[in-house]
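What the coordinates show
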Amino acid sequence: MITPTEELAAFLRTRRERLDPGDLGLPARRQARRTPGLRREEVAELAGVSVDYVVRLEQGRGLRPSADVVAALSRALRLTPAERTYFFDLTRQRPDDAVEPATTAVPSLARLVADLSPLPAMLMNHRYDILAWNGEMAGLLLDFGTLPPSRRNAMWLCLRHPEIRDSYVDRERVVREGVGHLRAAWAAHPEDPALLGLIAECTRDEEFARLWAERDVKATGRGSKVLRHPAAGVLAVDFEVLLPLQDTDQRVMIGRPADEASRAALRSCVGSPG
């Protein structure tokens, strides 16, 4: 498994190489560029740091930049909010709230998931482990109670479980979003052995490995999924992910039908497992 220092080096290189100098208002250079993106000296100039410092960061030579330097490099590299958070996590500069990774559902949150019926809902941790779900979510996706606890993981199910794997119409986007979430989770919890094991197992999947190598970081808390249900046909579900203030490692995912046709289809399939 790659270390956070090695990942930081690779992440900075890929973010630098994707930038177009012309979009940043940099003057044209007489010498042709042999590689895409910005040169290291251009990043250093934009961030107000030395070229040697950027070189050492990209070579993974054990530097731990300050929060000010991380912020300056984030601006220079035009990082998205999710990528900026990932960068801060890799450098261990984001405040540590000392929250232990959740392995079981907080009872009050499990009751909330049940009370959200008739909307399908489930409770997950940062690893995408499914900790609690209601009957509507079981009817929409799968009765997770039929699986051993070690397999109640949304990312693993999307990759390996035939019923879930084939249910997403835009499956690559769903997998890509899941990969981006796990990458952000790994930066925030680099010493979580269960997360490291999950990533190692998922990397055996060719699609996951390809997307993981792209180093995209995206924490998706809202969106839409189009599903093929064996009984109800194709339906679109909007989802919202809510994070409690107190139990910050647990998150509630709530689904809602995206249109009237999907509402009717959802009504026909929820409440019964599978």
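All values reported here derive from a predicted model rather than from experimental measurement.

Cut-offs and rules
Counting restarts for each chain: residues are numbered from 1 in the order of the written sequence. Residues qualify for local features only when their pLDDT is at least 70, as the model is predicted, and side-chain atom pairs are given and counted only at 80 or more; totals for whole chains, interfaces and linings, by contrast, use all residues. Heavy atoms throughout the structure, all of them, feed into the side-chain values; hydrogens and water do not. Cavities and pockets are found on a 1 Å grid laid over the protein atoms alone: a cavity is a set of points where a 1.4 Å probe fits but cannot escape, a pocket is an open set with protein on both sides within 12 Å along at least five of seven lines, and a lining residue has an atom within 4 Å of such a point. Grid points are joined across faces, edges and corners, and a volume is the space filled by probe spheres set on the points. A run of DSSP states H or I qualifies as a helix once it reaches four residues; a run of E qualifies as a strand once it reaches two. Both are numbered from the N-terminal end. Residues were grouped as follows: Ala, Val, Leu, Ile, Met, Phe, Trp, Tyr, Cys and Pro as nonpolar; Asp, Glu, Lys and Arg as charged; and all remaining residues, including Gly, as polar. Each residue is assigned to one of three classes by its accessible area relative to the maximum for its type, calculated with a 1.4 Å probe on protein chains only: buried under 20%, partly exposed between the two thresholds, exposed over 50%. Two strands are counted as paired when DSSP detects at least two bridges linking them. Pairs of residues are marked as contacts when any of their non-hydrogen atoms sit within 4.5 Å. Counting of polar contacts relies on pairs of N or O atoms within 3.5 Å, with two restrictions inside protein: one atom must be capable of donating a hydrogen and the other of accepting it, and residues adjacent in sequence are counted only when both atoms are side-chain atoms. Like-charged residues within 9 Å of one another, or nonpolar side chains (Val, Leu, Ile, Met, Phe, Trp, Tyr) within 5 Å, are grouped into patches, provided each residue has over 30% relative accessible area and no salt bridge. The accessible surface values rely on the Shrake-Rupley method and a 1.4 Å probe; as for residues, cover is taken only from the protein chains in view. A pair is scored as a salt bridge if a Lys or Arg side-chain nitrogen falls within 4 Å of a carboxyl oxygen belonging to Asp or Glu. What counts as an axis is a line fitted to C-alpha atoms, over the stretch in contact for a helix, and the angles between N-to-C directions run from 0 to 180 degrees. With respect to orientation, any angle under 35 degrees is reported as roughly parallel, any angle over 145 as roughly antiparallel, any angle of 65 to 115 as roughly perpendicular, and every other angle as oblique. Left-handed describes a crossing whose near helix is turned anticlockwise from the far helix by less than a right angle; the clockwise case is right-handed.

**Focus on the layout of surface pockets**
Volume-wise, the second largest pocket comes out at about 300 Å³. Counting only elements with at least two residues in the lining of the second largest pocket, the list comes to β2 (130-133) and α11 (193-202). Here the lining of the second largest pocket takes four residues from α11, the largest share from any one element. When its residues are assigned to classes, the lining of the second largest pocket shows eight nonpolar, five polar and five charged.

**Describing the pairing of strand β5 (residues 250-257)**
Here β5 lies mainly inside the structure; seven of its eight residues are buried. One ladder, built from six bridges, connects strand β4 (residues 233-242) with β5; its direction is antiparallel. By the bridge assignment, Leu242 is partnered in β5 with Val252.

**Digging into the side chain of Glu177**
Considering the arrangement of structural elements, one finds Glu177 in helix α10 (residues 171-188). In contact with Glu177, other than residues within four places in its own chain, are Tyr128, Lys218 and Thr220.

**Quick notes on the side chain of Thr91**
Inspection of the secondary structure puts Thr91 in the loop between α5 (81-90) and α6 (107-115). A polar contact of 3.0 Å, which involves the side chain of Thr91, links it to the backbone oxygen of Phe87. Discounting chain neighbours no more than four positions away, the residues touching Thr91 are Leu8, Arg64, Pro65 and Val70.

**Details of a nonpolar patch on the surface**
Together, Val169, Val226 and Val234 make up a nonpolar patch on the protein surface, roughly 230 Å² of accessible area in all. Position of Val234 relative to the elements: it lies in strand β4. Residue Val234 is classed as exposed on the basis of its relative accessible area, which comes to 57%.

**Comments concerning the packing of helix α4 (residues 67-76) against α5**
In contact at an axis separation of 10 Å, α4 and α5 are set at 150° when each is read in the N-to-C sense. On the basis of their axis angle, the class for α4 and α5 is roughly antiparallel. Between α4 and α5 the crossing geometry is right-handed. Every residue of α5 that contacts α4 at Ala67, Val70, Ala71, Leu73 and Ser74 is listed here: Arg84, Phe87 and Phe88. Among the residues forming the contact of α4 with α5, the class breakdown is six nonpolar, one polar and one charged.

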